[in-house]
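Spelled out from the first residue to the last, the chains are:
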There are 2 protein chains.
Amino acid sequence: MQKVYIAGIGQTPVQEHWDRSARDLAATSILEAVEEAEIDKIDALYVGNALSGELTGQEQVAALIADFAGLTGTEAIRVEAAGASGGAAVRLGYLAVASGVHDAVIVTGVEKMSDLAGPLVEQALVTSSDEEYEAIHGLSLVALHAFLMRRYMHDYDLGRGDFGHFSVNAHRNAANNPFAMFRRPITLDQFQKARLVADPISLLDSAPVADGAATVVLCSKKVAGEGAESSVEIIGSASATDAVALHDRPDPLFLRAVYDSAHKAYAQAGVGAEQIGIFELHDAFTILAALSLEASGFAEEGQGVRLAMQGEITLEGSIPICTMGGLKGRGYPVGAAGVYQVVELVQQLRGEAGANQVDARLGMAQSIGGTGATAVTHILKSPD
Amino acid sequence: MQKVYIAGIGQTPVQEHWDRSARDLAATSILEAVEEAEIDKIDALYVGNALSGELTGQEQVAALIADFAGLTGTEAIRVEAAGASGGAAVRLGYLAVASGVHDAVIVTGVEKMSDLAGPLVEQALVTSSDEEYEAIHGLSLVALHAFLMRRYMHDYDLGRGDFGHFSVNAHRNAANNPFAMFRRPITLDQFQKARLVADPISLLDSAPVADGAATVVLCSKKVAGEGAESSVEIIGSASATDAVALHDRPDPLFLRAVYDSAHKAYAQAGVGAEQIGIFELHDAFTILAALSLEASGFAEEGQGVRLAMQGEITLEGSIPICTMGGLKGRGYPVGAAGVYQVVELVQQLRGEAGANQVDARLGMAQSIGGTGATAVTHILKSPD
């Protein structure tokens, strides 16, 4: 297997891009990443996208984006794993380079969500649940997470407001990220008073869907040359799944796919959770942040929220999460989120994170589909 | 890079499965393939599926199928490239094993199309075209291919009926395939009289959409052990793209993605078109069959239809195509088709093709998305 390096990154601001289409956003992030990478020959493009068919009537987006980005002819394949689509695309790019089949590939995550009315977006989002056993009963994706949060509050004697520490951290970090959707801090008091979406989940527990595209250029040592020494390296890459329907999981508060993918990635990288300095996790809802911390080995069962309450998830804490705003603060263009996470980790590991800079040698990015049926985890190492 | 072998195959009949869902069809083909492969440990599942979101409101199908097939927990990722989704999934499985990351993976193609009314299926199918420049004008996927066929007839002085040789061959071969949708031969006279869908394309130029699932188990030599000697091997794997919109291609009758993917696969396998003994091509429409033969090097420009007229594409000809019925005769469950092609090639190369057996050492399978924007080509070698 070849070592895999990240030679370039690119991203568009996450917002409601009323004047731009998915292909346009994707191409912008690709051109930026390719310019930085300074690689002449790109072998393939892998696109993470969750909902282009439902939201814009466009499938085969990988070929479309390749053409629009000036890569006509190249191998171009789209991967989909709901909210984990971006992570899955990075995984595919990793496989293509690690195999030696390719030496330089582009991984782009993109989602264009603003063109549809809210209820139609909600209808699209719930396709990540089990259609025949969950969505068919009228359950929304928020409602499914509300079940999880309610059960967690009951089991561990917590109030709704205790989850606010996740959102306060995310918004605080987003304030310094020029690509973030929400650049204003929020307070615990605001969190407490936020409008409920599906009790106990409020607007401020929920990451906002939006438009955006992010890109990383992956390459082998052969292509990176001496630049490899100054490049971030992917030292762990793993993906795992769980039952899609919540009722099919023996313990719905245990994210088995997260546990499996994180621990497979640790094993490959030869490290443990205690060596990870930054964790870009999938905070589509605050409850997912808590459960991800637990299943990934940063907190004991039932202690994820308490870790946040103790301030350990902030930039100054023992395991900073969502350092550039996370899904909650940066915004959540669904299929793009997993690539944004990797882009932000690279910024951190290169020391380019500005006011949010964390001193870390290893970072982890984790992308989740639906209520946890798919999880993809990558561990990145800073240049030596 | 590790060598990649095909250790097991499975398929459901292609038909309107009113009583079965996508996950059920997929699991059936998986269990069959895994039983044949006799491999204890499966590392991942890659699913080719084009339209599950549009047709059944279900995304994240890879995790769903993994769970339903008894593979809960495994890596499971879906790839989409419109009609080339099945081929793209085989490509991903190939990368995963060739890289040494995995030693045994399952590749499944599945599509469930019967539950929606015809116009809605047509609306789903056209998502493979360029939504902003083609579909938005009301063009259907058939209409786009009608442009190609009409232009071809004009340039090369051919009649509509001349294309009938493709369909007659496909139906003749499907008659002996117990998994095929249409098990009755047709005549050139019937072809001539068939009802037009979008002039000059008739019902008998067009492959029927349907339900079905097909699976191959790919493994490394380490897992195959001595069985490698009696297994079909993948010796070429390549994918390429072209502009999605027809008007963006300098010559719409030249399938550039097909040319590129075929010739990259030839280069990897160290062979030329003249050494390929069977060609499972993507005959969604007869015009695509003609253009694929040309771009893949089996016929000169404008000679694809004449090759068929001369009988060279039949089981007794110089380059048998669609030997088990092709998309036209076996049926076309969109995202599954590319895997069906590989399954059928394995049957041929193992000598298990019954009445349709062709004597060949090398076979090629080629999967196309839309009017040719994505093409994935695999070259398989029979056991020595």
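What you see is a predicted model, and the numbers here were worked out from it, not measured in a lab.

Help me understand unusual backbone geometry in this model?
A negative phi angle characterises most non-glycine residues, just as the trans form characterises most peptide bonds. Put simply, Asp199 of chain A and Pro200 of chain A share a cis peptide bond, and its omega is 10°. Here Gln60 of chain B, not a glycine, exhibits a phi torsion of approximately 55°, which is positive. Topologically, Gln60 of chain B is positioned in the loop between helix H2 (52-56) and helix H3 (61-68).

Just to check I follow, could you spell out the nonpolar core for this structure?
Within soluble globular proteins, side chains that are nonpolar generally end up buried alongside one another. The biggest cluster of nonpolar side chains holds 84 residues, and the ones touching the most others in it are Ile6 of chain A together with Ile6 of chain B. Filtering out sequence-adjacent residues up to four positions away, Ile6 of chain B remains in contact with Val216, Val217, Leu218, Ser231, Val232, Ile234, Val342, Val346, Arg350 and Leu380 of chain B.

Mind showing me how you'd approach the interface of chain B and chain A here?
A common measure of how large an interface is: the accessible area buried when the components associate. On the chain A side, the residues contacting the 61 residues of chain B number 61 residues. Roughly 4500 Å² is buried in total at the junction of chain B and chain A, and carbon and sulfur atoms are behind 49% of that figure. Connecting chain B to chain A are eight salt bridges. Linking Glu80 of chain A and Arg78 of chain B is a salt bridge whose minimum nitrogen-to-oxygen distance equals 3.0 Å. One can count 30 residue pairs in polar contact (both at pLDDT 80 or more) joining chain B with chain A. Elements with a minimum of two residues in the side of chain B that touches chain A: H2, H3, strand E3 (75-80), helix H4 (85-98), strand E8 (232-241) and helix H10 (256-269) of chain B. Here the side of chain B that touches chain A is built from residues that sort into 25 nonpolar, 20 polar and 16 charged. Across three bridges, strand E3 (residues 75-80) of chain A lies against E3 of chain B in antiparallel orientation. When the sheet's bridge partners are listed, Arg78 of chain A is paired in E3 of chain B with Glu80 of chain B.

Even after reading the chapter, I still don't get the packing of aromatic side chains, so can you show me in this structure?
Pairs of aromatic rings are described using the distance from one ring centre to the other and the angle between the two planes. Throughout the structure, instances matching the rule amount to eight aromatic pairs over all chains. Both rings, one in Phe254 of chain B and one in Tyr259 of chain B, keep their centres 5.6 Å apart while their planes meet at 55°; by these two values the pair is tilted. Judged by relative accessible area, Phe254 of chain B falls into the partly exposed class, the value being 34%. Three or more aromatic residues joined by ring pairs make a cluster, and in this case those are Tyr152, Tyr156 and Phe163 of chain A. Looking at Arg23 of chain A, its charged tip hangs above the ring of Phe68 of chain A, at a distance of 5.9 Å from the centre.

Can you help me understand the pattern of salt bridges in this one?
Pairs can form between side chains of opposite charge whenever their charged atoms are close. Tallied over the entire structure, the rule returns 40 salt bridges over all chains. Among the salt bridges present, the one from Asp130 of chain A reaches Arg23 of chain B, with a minimum N-O distance of 2.7 Å. Of this pair, Asp130 of chain A sits in the loop between helix H5 (118-125) and helix H6 (141-156) while Arg23 of chain B sits in helix H1 (residues 22-37), which puts the two residues in different chains. Each member of the pair, Asp130 of chain A together with Arg23 of chain B, is buried. A salt bridge links Asp103 of chain B to Lys222 of chain B; the nearest nitrogen and oxygen atoms lie 3.3 Å apart. Here Asp103 of chain B, found in the loop between H4 and strand E4 (104-111), pairs with Lys222 of chain B, found in helix H9 (residues 221-224); they are 119 residues apart in sequence, far enough to count as distant.

Even after reading the chapter, I still don't get the packing of helix H4 (residues 85-98) of chain A against H4 of chain B, so can you show me in this structure?
Helix packing geometry: the angle between the two helix axes and the distance between the axes. Where H4 of chain A meets H4 of chain B, the axes come as close as 8 Å, and the angle between the chain directions of the two elements is 55°. Overall, the two elements H4 of chain A and H4 of chain B adopt an arrangement that is oblique. For H4 of chain A against H4 of chain B, the interelement crossing comes out left-handed. Residues Leu92, Leu95 and Ala96 of chain A of H4 of chain A form the contact with H4 of chain B, whose own contacting residues are Leu92, Leu95 and Ala96 of chain B. Residues that form the contact of H4 of chain A with H4 of chain B fall into these classes: six nonpolar, no polar and no charged.

What's the story with the relation of the copies chain B and chain A in this structure? I'm lost.
Take chain B, turn it by 180°, move it 0.0 Å along the axis, and it overlays chain A with an RMSD of 0.0 Å. On the angle and the small slide along the axis, the relation comes out as a two-fold axis. Relative to the rotation axis, the closest C-alpha in chain B is found at Ser99 of chain B, a distance of 1.6 Å. Of all interface residues in chain B, 100% are interface residues in chain A too; the two copies therefore contact each other through one and the same surface.

What is the right way to read H4 of chain B from this model?
For an α-helix, the turn length of 3.6 residues means that residues three or four places apart are oriented alike. The end-to-end C-alpha distance of H4 of chain B, which contains 14 residues, comes to 20 Å, matching closely the 20 Å that a straight helix rising 1.5 Å per residue would cover. The element H4 of chain B is extensively covered by neighbouring structure, given that 14 of its 14 residues are classed as buried.

Would you mind showing me how to read the side chain of Ser128 of chain B here?
Note on placement: Ser128 of chain B falls in the loop between helix H5 (118-125) and helix H6 (141-156). What makes Ser128 of chain B buried here is its relative accessible area of 6%. Setting aside residues up to four positions removed in sequence, Ser128 of chain B forms contacts with Gln60 of chain A together with Ala82, Leu141, Val244 and Gly370 of chain B.

Help me understand the environment of Thr72 of chain B in this model?
On the secondary structure map, Thr72 of chain B appears in the loop between H3 and E3. Classification of Thr72 of chain B by relative accessible area gives partly exposed; the value is 29%. Filtering out sequence-adjacent residues up to four positions away, Thr72 of chain B remains in contact with Thr241, Asp242, Ala243 and Arg256 of chain A together with Ala66 and Asp67 of chain B. Among the polar contacts listed, one links the side chain of Thr72 of chain B to the side chain of Asp67 of chain B, at a separation of 2.8 Å.

Reading the values: the criteria
- Residues numbered from 1 in each chain as written.
- Chains lettered and ligands numbered in written order.
- Predicted model: local features only at pLDDT ≥ 70, side-chain atom pairs only at ≥ 80, totals over all residues.
- Heavy atoms only, no water.
- Helix = DSSP H or I, 4+ residues; strand = E, 2+ residues; numbered from the N terminus.
- Core = buried A, V, L, I, M, F, W, Y, C linked by side-chain atoms within 4.5 Å.
- Buried < 20%, exposed > 50% of the residue type's maximum accessible area, 1.4 Å probe, protein only.
- Contact = heavy atoms within 4.5 Å.
- Buried area = accessible area lost by both parts, 1.4 Å probe.
- Salt bridge = Lys/Arg side-chain N within 4 Å of Asp/Glu carboxyl O.
- Polar contact = N/O pair within 3.5 Å; in protein donor to acceptor, adjacent residues only side chain to side chain.
- Nonpolar A, V, L, I, M, F, W, Y, C, P; charged D, E, K, R; others polar.
- Pairing = 2+ DSSP bridges.
- Phe/Tyr/Trp six-rings, centres within 6.5 Å; stacked < 30°, edge-to-face > 60°.
- Lys NZ or Arg CZ within 6 Å of the ring centre and 35° of its normal.
- Axes fitted to C-alpha atoms, helices over the stretch in contact; angles between N-to-C directions.
- Parallel < 35°, antiparallel > 145°, perpendicular 65-115°, else oblique.
- Left-handed = near helix turned anticlockwise from the far one by under 90°.
- Least-squares fit on C-alpha atoms with pLDDT ≥ 70 in both.
- Expected span 1.5 Å × (residues − 1).

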